[in-house]
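# Inside the fold
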Amino acid sequence: MDVDDLPNDFDIIILGTGLTETIAAAAFSRIGLKVLHLDRNNYYGGSYANFNLQGIEEWRSKNEALECNPTKENKVTEDLKERVGNGRQLHSLPCERPQACSIKTNFYVREMTAEEKAVVEESKKKSRTRTPSAPVMLSEFTITVDKSTEQPNETEYSNSQTPPPAASQPSSSDQIRELTSDDVKVTPPDDSKDLSSQEATGEKSAEASGDACGSDVTRAEENDVEDTKITEATASFAAECILREDLEGKIKEWTVEALEDDWRKFCFDLSPRVLYCSGDLVELLIQSDVARYCEFRTVSRVLTLLNGVLRQVPCSRADVFSSKIVSLIEKRLMMKFLQFAADYESHPNEYKDFKDRPFVEFLKSKKLSANVQHFVQHAIAMVNDVATTEEGLKSTQRFLRSLGRYGNTAFLFSLYGSGELPQAFSRLSAVFGGTYCLMMSASHIVADEENKCCGIITTQGKHINCKYLVAEASYLPSSFVQHSSNKRTARAIYITDKSISEAKDPELSLLNFVCKERPEKPVTVMELPSSACVCPKGLYVVHLIRERGSDDIEQDFMEVKERLFSDSPESTKPNILWSLYFGQDDLSQPSMAPQAAGNVFVTSGGGDRHIDMERSVQEAKQIFLQVCPDEEFLPKPPNPEDIIYVDDEEAGVEKVPGEFDSTEEGTGGQEQQDTEVAKTDDSSENASDAVKSS
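Residues numbered from 1 in each chain as written. Predicted model: local features only at pLDDT ≥ 70, side-chain atom pairs only at ≥ 80, totals over all residues. Heavy atoms only, no water.

### Topic: the overall build of the protein
Along the protein, the regular secondary structure elements total 21 helices and 26 strands. The buried share among the 694 residues of the protein stands at 51%. For the protein, the accessible area works out to roughly 32400 Å², and carbon and sulfur atoms hold 47% of it. (Helix = DSSP H or I, 4+ residues; strand = E, 2+ residues; numbered from the N terminus. Buried < 20%, exposed > 50% of the residue type's maximum accessible area, 1.4 Å probe, protein only. Areas by Shrake-Rupley, 256 points an atom, 1.4 Å probe, with all protein chains shown as cover.)

This is the structure we're talking about:
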């Protein structure tokens, strides 16, 4: 949108499109307030954004450039003073700050030789000349496309940075779905045929394959345009695979070019997060109907490193009693403790003497074995040795209350990355009239005589009035914001060729890795397979998160790297193909300074090592209730099927009930009203049931 087309007055102006800001924007738009949502970047999400392989390189270059140029504040000119008028003052806002520091990327695979590049290019050229309706035939294998499922094709993974529509009706689907299969399938040739003879009669083989795959050809002829796109994509994919797959479809070698050619299939979160299955965010997704914009997958296993060996943590009752790594006596003690922790507030006498003492001491007092203590502390509560008993019990309870709702663990992960969630709430805000502008921000805050915010000056120079301003911490000057933490977070992202713990099917795994050096700063390891829609088939994206302990971020993760990964192709451990290291300042708990302009609310700038999103929901709700204390926070949108449209003529006529039909009319009206309420209630229940059935 052009800045001149923007209205001059809004109720709420929001700076930044992080999760807290987008939830707040959706809540304000939902009750009819006029919202303007700005972001200085050309993508949504802020510190919660996600990027493909090409996008993450652009993000790195941009942040390195910002690091070299210290942050400056916009100047207050005489022209601006005249424009805002006498009696008003201007507060300068800072220019863009880097989101990360000490960024370092590296490939651990070789580049193709000139001859190999020529072979790939030649194969791509030949594939473009083939008949679109026939399966692609190459000298080593055939590629066909399976359209029997409704899943998106692997070759069409999005960047997840497409701006939400300005005003579009929500999709009719309100289920949280799970993707587990792939559309593109590689079919190896018949081993009984000689490879050289196949190459000599490639044209003939293509015809034979076309006959054998008659159903595929028939479907392609019905939709030539779609199949042309799919064939070109699969042909390109096949050409890339020539140098990295053998006849059985097993990967021989990845190269820099192969990874870069698949750049659209990668999705890297700056702040990877999971959702507690019974947490505030999941309840808000159901209540607000934002769940229809997202897809999720269950975190299928929680791992822990016990006595030097990776073990799957028994979470549910069935897992505990079927586990072979704890004895029968340990199982009983563990179940007894977990039952207590699930409702610990009802038994204050059992932990009151340990309330402010370390959680480890309380576990020992319960006579739990070392193995059970390890499971509870490091895999269920996920707290370090300095956490208090109250903190440990609260974390354990939150985990237990989320168990079994959607799967065997307590967590969900958003397909295509956590950056999908800010976009989903932005879409809801847009549906209810929110206005969105990327690559635009505020350069100044306009304050009245009482130092209350009454508007902004945009970076394009337009003066826009508002009643309230909500801004992410990095958008406000340091004189306005106070930070309660000076911690820093170290992050790493790996692309690997195998799982850290092989399983029959690719698993979405979560591991709390306790380091021998500095155990008070554990490393959270999140491993995402291709079924999470973050990487091509056969690869994994691994996120490592830790409180920063040194100037060298790579050194912070060295123990994890040496223990879980390898640099030898012959090793059974996964090999790292690409890595990204970066650091972030913890801006997760900001507050407004006393001298800041009134009617301005600050939101979290992210950068913390937490992996859940509960704080964002609480923060957005608190801001909303301060502005609109008598309004409901993000109520469920009306069901279009339940809306009764009345024309102006009907609305203008008031029927007076007769002497004898007043009772019937009243009863009938009440029955109709009850029916409408029942419809609404049923709709709400169905939405919840649909989410649970995922």
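That was the structure; now back to the text.
### Topic: the sheet that holds strand E11 (residues 296-298)
An order of E10-E14-E11 is seen for the three strands of this open sheet, with the pairing classed as antiparallel. Each edge of the open sheet carries a strand with a single partner, namely strand E10 (275-276) and E11. (Pairing = 2+ DSSP bridges.)

### Section: the pairing of strand E23 (residues 540-547)
Most of E23 sits inside the fold, with seven of its eight residues counted as buried. Pairing between strand E20 (residues 488-496) and E23: eight bridges, direction antiparallel. Within E23, the residue paired with Ala 490 across the bridge is Arg 546. The pairing of strand E22 (residues 523-528) with E23 spans five bridges and is classified as antiparallel. When the bridges of E23 are listed, Glu 527 appears paired with Val 542.

### Quick look at the packing of aromatic side chains
In this structure the tally under the stated criterion is 19 aromatic pairs. With a centroid separation of 5.5 Å and 70° between ring planes, the pair formed by Tyr 344 and Tyr 351 is classed as edge-to-face. On the basis of relative accessibility, which here comes to 5%, the residue Tyr 344 falls in the buried class. The exposure class of Tyr 351 is buried, given its relative accessible area of 8%. One aromatic cluster is present, built from ring pairs that chain together Tyr 43, Phe 51, Trp 59 and Phe 582. Stacked on the ring of Phe 10, the Lys or Arg Lys 34 has its end atom at 5.3 Å from the ring centre. (Phe/Tyr/Trp six-rings, centres within 6.5 Å; stacked < 30°, edge-to-face > 60°. Lys NZ or Arg CZ within 6 Å of the ring centre and 35° of its normal.)

### Some details on the side chain of Asn 41
Tracing the chain through its elements places Asn 41 in the loop between strand E2 (35-39) and strand E3 (50-51). On the basis of relative accessibility, which here comes to 4%, the residue Asn 41 falls in the buried class. At a separation of 2.9 Å, a polar atom in the side chain of Asn 41 contacts the side chain of Lys 62. In this structure, Asn 41 is in contact with Lys 62, Glu 96, Gln 99, Leu 438 and Met 439, ignoring residues within four places of it in sequence. (Polar contact = N/O pair within 3.5 Å; in protein donor to acceptor, adjacent residues only side chain to side chain. Contact = heavy atoms within 4.5 Å.)

### Focus: the pattern of salt bridges
Overall, the coordinates contain 20 salt bridges when judged by the stated rule. The residue Glu 64 makes a salt bridge to Arg 60 at a minimum N-O spacing of 3.1 Å. Of this pair, Glu 64 and Arg 60 both sit in helix H2 (residues 53-68), four residues apart, roughly one helical turn. Across the salt bridge formed by Glu 116 and Arg 110, the nearest N and O atoms sit 2.9 Å from each other. Using a relative accessible area of 33% as the deciding quantity, one classes Arg 110 as partly exposed. Each of Glu 57, Arg 60 and Glu 64 takes part in one network of salt bridges that share partners. (Salt bridge = Lys/Arg side-chain N within 4 Å of Asp/Glu carboxyl O.)

### Things to note about the nonpolar core
Grouped together as the largest cluster of nonpolar side chains are 71 residues, with contacts concentrated most on Ile 56, Trp 59, Phe 268, Phe 337, Phe 359, Leu 393 and Phe 411. When neighbours within four sequence positions are excluded, Trp 59 is seen to be in contact with Tyr 43, Phe 51, Gln 99, Ala 100, Ile 103, Leu 270 and Phe 582. Judged by nonpolar contacts, the second largest core, of 43 residues, contains Ala 24, Val 282, Leu 285 and Met 613. (Core = buried A, V, L, I, M, F, W, Y, C linked by side-chain atoms within 4.5 Å.)

### Examining the environment of Leu 36
Topologically, Leu 36 is positioned in strand E2. Separated by 399 residues in sequence, Leu 36 and Thr 435 have C-alpha atoms that sit 4.9 Å apart. If sequence neighbours within four positions are ignored, Leu 36 has contacts with Leu 6, Phe 10, Ile 12, Ile 13, Ile 14, Thr 435, Cys 437 and Ile 464.

### Some words on the packing of helix H10 (residues 280-288) against helix H16 (residues 420-431)
Two numbers describe how H10 lies on H16: the axes approach to 12 Å, and their chain directions differ by 30°. Judged on the interaxial angle alone, H16 and H10 are roughly parallel. Considering the relative orientation of H10 and H16, their crossing is left-handed. Contacts between H10 and H16 involve Leu 281, Leu 284, Leu 285 and Ser 288 on the former and, on the latter, Leu 421, Phe 425 and Leu 428. Considering only residue class, the contact of H10 with H16 consists of six nonpolar, one polar and no charged. (Axes fitted to C-alpha atoms, helices over the stretch in contact; angles between N-to-C directions. Parallel < 35°, antiparallel > 145°, perpendicular 65-115°, else oblique. Left-handed = near helix turned anticlockwise from the far one by under 90°. Nonpolar A, V, L, I, M, F, W, Y, C, P; charged D, E, K, R; others polar.)

### Some points on the confidence of the model for the protein
In the predicted model, the protein carries a mean pLDDT of 79, and the fraction of residues at 70 or more is 74%. Across residues 131-223, where pLDDT falls below 50, the model places 172 contacts with residues more than four positions away in sequence or in other chains. Scored below 50 in pLDDT, residues 650-694 makes 26 contacts in the model with residues more than four places away or belonging to other chains. (pLDDT = per-residue confidence, 0-100.)

### Looking at the environment of Leu 438
Mapped onto the secondary structure, Leu 438 falls in strand E15 (residues 435-438). Expressed as a C-alpha distance, the spacing of Leu 438 and Asp 39, which sit 399 residues apart in the sequence, is 4.9 Å.

### Some words on the sheet that holds strand E13 (residues 309-312)
Neighbouring strands of a sheet are bound in pairs by backbone hydrogen bonds; such pairs are parallel or else antiparallel. With mixed pairing, the eight strands of this open sheet are ordered in space as E5-E24-E20-E23-E22-E21-E12-E13. Looking at strand neighbours, the two that pair on one side only are strand E5 (101-107) and E13, the edges of this open sheet. Between one strand axis and the next, the sheet turns through 20° on average, direction left out of account. Where strand E12 (residues 301-306) meets strand E21 (residues 509-513), three bridges bridge the pair, whose relative direction is parallel. Counted as the bridge partner of Val 302 is Leu 510 from E21. Lying on the sheet, H2 is in contact with E5 and strand E24 (576-585); it crosses E5 at an angle near 145°. Taken strand by strand, helix H14 (residues 370-381) contacts E12 and E21, and its axis lies near 125° from that of E12.

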